[in-house]
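# Chains, contacts and geometry: an overview
Here is how the chains run, residue by residue.
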Amino acid sequence: MADSDRLHFPLAEDESRRLAALHQLGILDTPREDDFDLLTELAAELCGTPYAFVVLIDADRIWVKSAFGMGLQDSSLQRGASPCAYVVAQQPMLVIEDVDLDPRTRNMPHAHFQMYAGAQLRTSDGLALGTLCVEDSRVRRPSEKQLELLQRLAQQVMQLIELRAAKRELLHQASTDALTGLANRRALFQRLQQELARNSRHHFALSFVVIDIDHFKTVNDRYGHATGDVVLQQVAECLRLHSRETDLIARFGGEEFCAILIDSDLEMAVQWADRTRVALHNMQINGFPQLRISASFGVTSVSKGQDHTPDTLFSAADKAVYRAKQAGRDRVESG
Ligand SMILES: Nc1nc2c(ncn2[C@@H]2O[C@H](COP(=O)(O)OP(=O)(O)OP(=O)(O)O)[C@@H](O)[C@H]2O)c(=O)[nH]1
């Protein structure tokens, strides 16, 4: 787009904080949701307008989360193409009775509306992220009561956005290991359960691996617990780098990790384990050039016609790890 085609718009004073807060909430480009649509419909109903929108203002685009009265082919439009850009930058509430007469809006595309009223969606820190707005095809001014209620409804929309983000964060925390960022034991067993169910219908190759760092207690004793933590983080990163997107790497607890390998039979899984074992063996630990680690691997696979549960798979791989430890560590055993 040529620069001269761009519609100009004002920026909020705290634009960079505003954008950071908006992106952190993770609402942009999410699908339509009934709860938002209900609030949008209520806004139109209470202001007596044919159109209402929940709009978020990104760096250079306006993104519509919910629209009432109009089907949208594209939920993004240029930031300068709506009065919402002014609401976010300048005032908690903006009413333009006739957009043809207002210098801010007369050059904007506005085929379907003549009146605009928008209330800021403000975070609890006072950052304006977007608007709840109504539009009418007639020139008019909503009553003071309608405008007050529109503002209060905008607070409800903002609370819904913040609640959704908090729920997503809680779900993430509940399934993630804080030290390594890998899936935790709960997420591992959940995924294993899903894959076993899928496997009983579609019969694809599926393997499970337990990985246990050797003599990790000695690492902690010699180098300290903080260094032990760095080792765990690097092991996690190494396992992640060696896995495919469809696989799952998890920290089971302590110095024990697990891998679910999709479309891998026993032979392929043993090869994977051996490559990864060598990578861990050769891995340099940041800040400790003299420190080397190794790990023992236990591999098992789902076999056709046999009933498996997450527990039986784990137990088979764990027994194989035990044999690897007994046989001298830094090796792969399967069964
Ligand atoms: N730094 C650190 N250490 C941990 C963490 N979780 C468990 N550990 C330590 O991991 C060690 C595990 O020791 P052991 O179970 O005896 O196993 P090992 O020394 O690796 O011996 P083998 O498994 O037999 O090779 C213990 O010293 C735990 O304190 C953690 O989050 N951070």
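Residues numbered from 1 in each chain as written. Predicted model: local features only at pLDDT ≥ 70, side-chain atom pairs only at ≥ 80, totals over all residues. Heavy atoms only, no water.

## Digging into the site of the ligand
So the rule is basically this: Nearness is defined per residue: one heavy atom within 4 Å of the molecule or strand is enough. Two N or O atoms count as a polar contact when they lie within 3.5 Å, although within protein this holds only if one can serve as hydrogen donor and the other as acceptor, and sequence-adjacent residues are included solely when both atoms are side-chain atoms. Method for areas: the Shrake-Rupley scheme with a 1.4 Å probe, in which residue coverage is limited to the protein chains shown.
For the ligand, the set of nearby residues contains 16 residues, the closest of which are His215, Phe216, Asp229, Arg251 and Arg329. The backbone of His215 places a nitrogen or oxygen atom 2.8 Å from an oxygen atom of the ligand. Between His225 and the ligand, the recorded distance is 3.1 Å, taken from a backbone N or O atom to a nitrogen atom. In isolation the ligand has 670 Å² of accessible area, and contact with the protein removes 67% of it.

## Section: the pattern of salt bridges
Worth spelling out the cut-off: By salt bridge we mean one thing: a side-chain nitrogen of Lys or Arg within 4 Å of a carboxyl oxygen of Asp or Glu. Under the scheme used here, helices are H or I runs from DSSP no shorter than 4 residues and strands are E runs no shorter than 2 residues, and both carry numbers assigned from the N terminus. Residue burial is assigned from relative accessible area. The probe radius is 1.4 Å, only protein chains are included, and a residue is buried under 20% of its type maximum, exposed over 50%, and partly exposed in between.
The full count for this structure, using the stated rule, is 26 salt bridges. Here Arg61 makes a salt bridge to Asp29, at a shortest N to O gap of 3.0 Å. Residue Arg61 is found in strand β2 (residues 61–68), and its partner Asp29 is found in the loop between α1 (15–25) and α2 (34–47); the two are separated by 32 residues along the sequence. A salt bridge links Arg251 to Asp177, with the shortest nitrogen-to-oxygen separation between them at 3.3 Å. With Arg251 in strand β8 (residues 248–253) and Asp177 in the loop between α4 (144–175) and α5 (185–202), the pair connects residues that are 74 residues apart, well separated along the chain. The pair formed by Arg251 and Asp177 is uniform in burial state, with each residue classed as buried. Among the charged side chains, a salt-bridge network with shared partners connects Glu33, Asp35, Lys65 and Arg164.

## Regarding unusual backbone geometry
Its identity is not glycine, yet Asp263 carries a phi of approximately 60 degrees, on the positive side. Checked against the element boundaries, Asp263 lands in the loop between β9 (256–262) and α8 (266–282). Even without being a glycine, Arg329 presents a positive backbone phi close to 70 degrees. Along the chain, the position of Arg329 falls in the loop between α9 (310–326) and β11 (332–334). Accessibility expressed as a relative area gives 28% for Arg329, which makes it partly exposed.

## A few points about the packing of helix α6 (residues 216–223) against helix α7 (residues 225–241)
The line we're drawing: Note on definitions: angles span 0 to 180 degrees between N-to-C directions of axes, and those axes are lines fitted to C-alpha atoms, for helices only across the stretch in contact. Note that the term roughly parallel is reserved for angles under 35 degrees, roughly antiparallel for angles over 145, roughly perpendicular for angles of 65 to 115, and oblique for everything else. Contact criterion: two residues are considered in contact whenever any of their non-hydrogen atoms come within 4.5 Å of each other. Three classes are used, and their members are as follows: Ala, Val, Leu, Ile, Met, Phe, Trp, Tyr, Cys and Pro are nonpolar, Asp, Glu, Lys and Arg are charged, and the others, Gly among them, are polar.
It is at 7 Å that the axes of α6 and α7 come closest, and there the two elements cross at 135 degrees. With respect to each other, α6 and α7 are oriented oblique. The segment α6 lies against α7, with Phe216, Val219, Asn220 and Tyr223 engaging His225, Thr227, Gly228, Val231 and Leu232. Partitioning the contact of α6 with α7 into residue classes produces 5 nonpolar, 4 polar and no charged.

## As for the side chain of Ser264
Tracing the sequence through the fold places Ser264 in the loop between β9 and α8. One polar contact links Ser264 to Arg244, side chain to side chain, over a distance of 3.2 Å.

## Remarks on the layout of surface pockets
Here is the rule we go by: Two kinds of site are reported from a 1 Å grid over the protein atoms alone, namely cavities, where a 1.4 Å probe fits but cannot get out, and pockets, open sets with protein on both sides within 12 Å along at least five of seven lines, and residues are called lining when an atom falls within 4 Å of a point. Grid points are joined across faces, edges and corners, and a volume is the space filled by probe spheres set on the points.
Volume-wise, the largest pocket comes out at about 270 Å³. What lines the largest pocket is a set of 18 residues, among which Val64, Leu77, Ser82, His112 and Glu135 lie closest to the centre. At the level of secondary structure, the elements contributing two or more residues to the lining of the largest pocket comprise β1 (51–57), β2, β3 (76–78) and β6 (128–136). Tallied by class, the residues present in the lining of the largest pocket amount to 13 nonpolar, 3 polar and 2 charged. What lines the second largest pocket is simply Leu196, Asn199, Ser200, His203, Phe204, Ala205, Val302, Ser303, Lys304, Gly305, Gln306 and His308. Here the lining of the second largest pocket is composed, by residue class, of 4 nonpolar, 7 polar and 1 charged.

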